[in-house]
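These are the residues of each chain, in order.
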Amino acid sequence: MDGDKRTKIRSTTVLLVQKDGSVAMAGDGQVTLGETVIKGNAKKIRRLAGGEILAGFAGATADAFSLLTRFETKLGEFQGQLERAAIELSKDWRTDKYLRHLEALLIVADKKDAFLISGKGDVISSDEGLLSVGSGSMYALAAARALMKHTSLSAKEIAEESLRIAGEICIYTNSDLTVEEL
């Protein structure tokens, strides 16, 4: 199939919020094929390294799972060092023939650091404690920025409310949320 004519699987919104020493990651459950919702309760956030690291993904599901597996391997290789594992995965993703074609994004976090990892070799940290990926990510990010500045809500509460707001706006995001906190 030609890449332009292929029906795209659109999935998700994942948001990371770091505030007052807490880290929360929230993801919705919707997976969409073309204009059809094919799953409403997908789990797009995982705990890794004995629960010490959160990983959330957006994009093609099989691609995301391939990347999660590779990231977990990198964590093992580098004794749980989040930044080093993220950089090494990014290098592999950018240079490996197979990985280069994967369509997914990852957000990974521990208690002190968080990174967005892309297939273009990007390892992006946030200065403001917020990272987001997926179809509704800009809506969730905008809501989270406002809530960070104008409320005293916790990281978890901001993540949940921001995803709910994104779900009201983005047709590829629903309100069946998974939230993990460190």
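What counts and what doesn't
- Residues numbered from 1 in each chain as written.
- Predicted model: local features only at pLDDT ≥ 70, side-chain atom pairs only at ≥ 80, totals over all residues.
- Heavy atoms only, no water.
- Pairing = 2+ DSSP bridges.
- Helix = DSSP H or I, 4+ residues; strand = E, 2+ residues; numbered from the N terminus.
- Axes fitted to C-alpha atoms, helices over the stretch in contact; angles between N-to-C directions.
- Contact = heavy atoms within 4.5 Å.
- Core = buried A, V, L, I, M, F, W, Y, C linked by side-chain atoms within 4.5 Å.
- Buried < 20%, exposed > 50% of the residue type's maximum accessible area, 1.4 Å probe, protein only.
- Parallel < 35°, antiparallel > 145°, perpendicular 65-115°, else oblique.
- Left-handed = near helix turned anticlockwise from the far one by under 90°.
- Nonpolar A, V, L, I, M, F, W, Y, C, P; charged D, E, K, R; others polar.
- Expected span 1.5 Å × (residues − 1).
- Arc of directions from axis to C-beta.

A.B. asks: I tried to follow the sheet that holds strand E2 (residues 13-19) on my own but got confused; where do I start?
C.D. replies: Within a sheet, adjacent strands bond to each other through the backbone by hydrogen bonds, running parallel or antiparallel. The 4 strands are arranged E11-E2-E3-E12 in an open sheet whose pairing can be described as antiparallel. The open sheet has two edge strands, strand E11 (130-134) and strand E12 (178-181), and neither has a second partner. Across the sheet, the axes of successive neighbouring strands diverge by a mean angle of 10°, strand direction being ignored. Where E2 meets E11, 5 bridges bridge the pair, whose relative direction is antiparallel. Bridging across to E11, Leu-15 finds its partner in Ser-132. Its contacts with the sheet put helix H3 (residues 137-150) on E2 and E11, and the angle it makes with E11 is roughly 160°. Each of E2, strand E3 (22-27) and E12 is contacted by helix H4 (residues 155-169), which is oriented at about 155° to E2, the strand it contacts most.

A.B. asks: Whenever I open this one, the nonpolar core confuses me. Can you help?
C.D. replies: For soluble globular proteins, the rule of thumb is that nonpolar side chains tend to be buried together. Ranked by size, the top nonpolar core spans 21 residues in total, and within it Leu-67, Phe-71, Leu-106, Val-108 and Ile-117 carry the most contacts. In contact with Ile-117, other than residues within four places in its own chain, are Phe-71, Ala-86, Leu-89, Ser-90, Trp-93, Leu-105, Leu-106, Val-108 and Asp-122.

A.B. asks: Looking at this model, I keep getting lost on the environment of Ile-87. Mind explaining?
C.D. replies: Checked against the element boundaries, Ile-87 lands in helix H2 (residues 82-95). According to the relative accessible area criterion, Ile-87 is partly exposed, its value standing at 33%. Distance from Ile-87 to Lys-74, taken between C-alpha atoms, is 9.4 Å for residues 13 residues apart in sequence.

A.B. asks: I would appreciate a short explanation of the sheet that holds strand E9 (residues 114-117) in the present structure.
C.D. replies: Strand order across the open sheet formed by 5 strands is E6-E7-E8-E9-E10, with antiparallel pairing between neighbours. Because the sheet does not close on itself, it has two edges, and the strands there are strand E6 (45-48) and strand E10 (123-124). Note: E6 against strand E7 (residues 53-59), 4 bridges, orientation antiparallel. Opposite Ile-45, over in E7, you have Gly-56 as the bridge partner.

A.B. asks: Is there a simple way to think about the packing of helix H1 (residues 61-77) against H2 in this case?
C.D. replies: In a pair of packed helices, the angle between the axes and the distance between the axes together describe the arrangement. Running from N to C, H1 and H2 point in directions that differ by 130°, and their axes come no closer than 9 Å. The orientation of H1 with respect to H2, classified from their angle, is oblique. Crossing hand, H1 versus H2: right-handed. Residues Leu-67, Arg-70, Phe-71, Lys-74 and Leu-75 of H1 form the contact with H2, whose participating residues are Leu-82, Ala-85, Ala-86, Glu-88, Leu-89, Asp-92 and Trp-93. Taken together, the residues that form the contact of H1 with H2 break down as 8 nonpolar, no polar and 4 charged.

A.B. asks: How should I be thinking about the packing of H3 against H4 in this particular structure?
C.D. replies: H4 packs onto H3 with a crossing angle of 140° between their chain directions and a minimal axis gap of 8 Å. One way to sum up the angle between H3 and H4 is to call them oblique. In terms of crossing hand, the pair formed by H3 and H4 is right-handed. In contact with Tyr-139, Ala-140, Ala-143, Ala-144, Leu-147 and Met-148 of H3, H4 contributes Ile-158, Glu-161, Ser-162, Leu-163, Ile-165, Ala-166 and Ile-169.

A.B. asks: Help me understand H3, please; the structure alone is not making it clear to me.
C.D. replies: Along its 14 residues, H3 runs 20 Å from first to last C-alpha, staying within 8% of the 20 Å computed at 1.5 Å per residue. Restricting attention to buried positions, one finds in H3 the residues Ser-137, Ala-140, Leu-141, Ala-143, Ala-144 and Leu-147. Buried residues of H3, seen end-on, are gathered within an arc of 165° and therefore sit on one face of the element. The exposed set on the far side of H3, more than 90 degrees from its buried face, consists of Met-138, Lys-149 and His-150.

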